[in-house]
Amino acid sequence: MKIKNFIAVAALLMGSTSTFATAITHTQEYTYEGLVYVLDYSDNDTPTNPADDKVEAKVKQISDDATYKALTTWLIPEKFKALADNGADPKIADKFFIVQKIGANAFANNSNITSITFAKAENLTEIATGAFSKTSIATLDLSETKITVANQWFETTNTMVTTIKLPKSVNEIVTSAFEGLSALNSLTIAEETAPAKHAITIAADAFKNTMALKTLTLPADVNFVATNAFRQTSLEELTIGGDV
């Protein structure tokens, strides 16, 4: 049992007779249309109305089915219903899960993949490290998502990616995020508008060895660029918020 409420823990340790509501958390893997998802939910997440869309799903990997392994394009669904006859826990049977995260290495080592799109991109809040490593994706358009961190999604020897579009919600580009993307020639970050502006930080080696990237325009929201963020590049022009 996982107790999230510190007061509840203290009360239990002290032998208090007070009643506290504690949530028991559960994790289940569930396969839907060729993708294995991790469903995290608690007893409190189980709604009276099974159509209540509150619980998130995270893409873990492509299923072992050869048909799905051979796919070249993937459309990530907005949501799906967990069915008991497909193995769903009875607690969540007939409940809809919203696809909000893509886990580490979720699509990795599937060189057939050339395109990934999203049925409702604004639901997506996180894409973990290595998610698209060793695929054949050329353009990754995340401009309508709500991710906040640009992780290292591709391997450092990638020669396929030419275009990456990041959303205005991004506030961090991690160390080596785009390192070694030798064919990358276009990267954009949508600019946030007032009053919702936020700071963006760019870590060391974020663009290391992006030799095809000649010009780069970043929004004015960028407030920190680490030393060597652009080392070993062929960058000729860097513009931040209109200033070269």
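Residues numbered from 1 in each chain as written. Predicted model: local features only at pLDDT ≥ 70, side-chain atom pairs only at ≥ 80, totals over all residues. Heavy atoms only, no water.

Draft legend 1. Representation of the pattern of salt bridges. Throughout the structure, instances matching the rule amount to six salt bridges. As a salt-bridge pair, Lys101 and Glu56 come within 3.3 Å of each other at their nearest N and O atoms. Linking Lys101 in strand 6 (residues 95–102) with Glu56 in strand 3 (residues 55–62), this pair joins segments that are 45 residues apart in sequence. Looking at Glu56, the relative accessible area reads 24%, which means it is partly exposed. (Salt bridge = Lys/Arg side-chain N within 4 Å of Asp/Glu carboxyl O. Helix = DSSP H or I, 4+ residues; strand = E, 2+ residues; numbered from the N terminus. Buried < 20%, exposed > 50% of the residue type's maximum accessible area, 1.4 Å probe, protein only.)

Draft legend 2. Quick peek at the nonpolar core. Phe107, Phe132, Trp153 and Phe178 are the most contacted members of the largest nonpolar core, which totals 57 residues. Contacts of Trp153, omitting those with residues within four sequence positions, involve Ile127, Ala128, Gly130, Ala131, Phe132, Ser133, Leu140, Leu142, Ile147, Leu166, Ala177 and Phe178. (Core = buried A, V, L, I, M, F, W, Y, C linked by side-chain atoms within 4.5 Å. Contact = heavy atoms within 4.5 Å.)

Draft legend 3. Seen up close, unusual backbone geometry. Phi at Asn109 is positive, roughly 65 degrees, even though this residue is not glycine. Relative to the helices and strands, Asn109 resides in the loop between strand 6 and strand 7 (115–118). The exposed category is assigned to Asn109, whose relative accessible area is 57%. Despite not being glycine, Asn228 has its phi angle at roughly 70 degrees, a positive value. Topologically, Asn228 is positioned in the loop between strand 16 (222–225) and strand 17 (237–240).

Draft legend 4. Examining empty space enclosed by the protein more closely. All chains considered together, the criterion is met by one cavity of 30 Å³ or more. Its volume calculated, the largest cavity comes out at about 40 Å³. Across the lining of the largest cavity, the residue classes break down as six nonpolar, one polar and two charged. (1 Å grid on protein atoms, 1.4 Å probe; cavity = no way out; pocket = protein on both sides within 12 Å on 5 of 7 lines; lining within 4 Å. Points joined across faces, edges and corners; volume = space filled by probe spheres on them. Nonpolar A, V, L, I, M, F, W, Y, C, P; charged D, E, K, R; others polar.)

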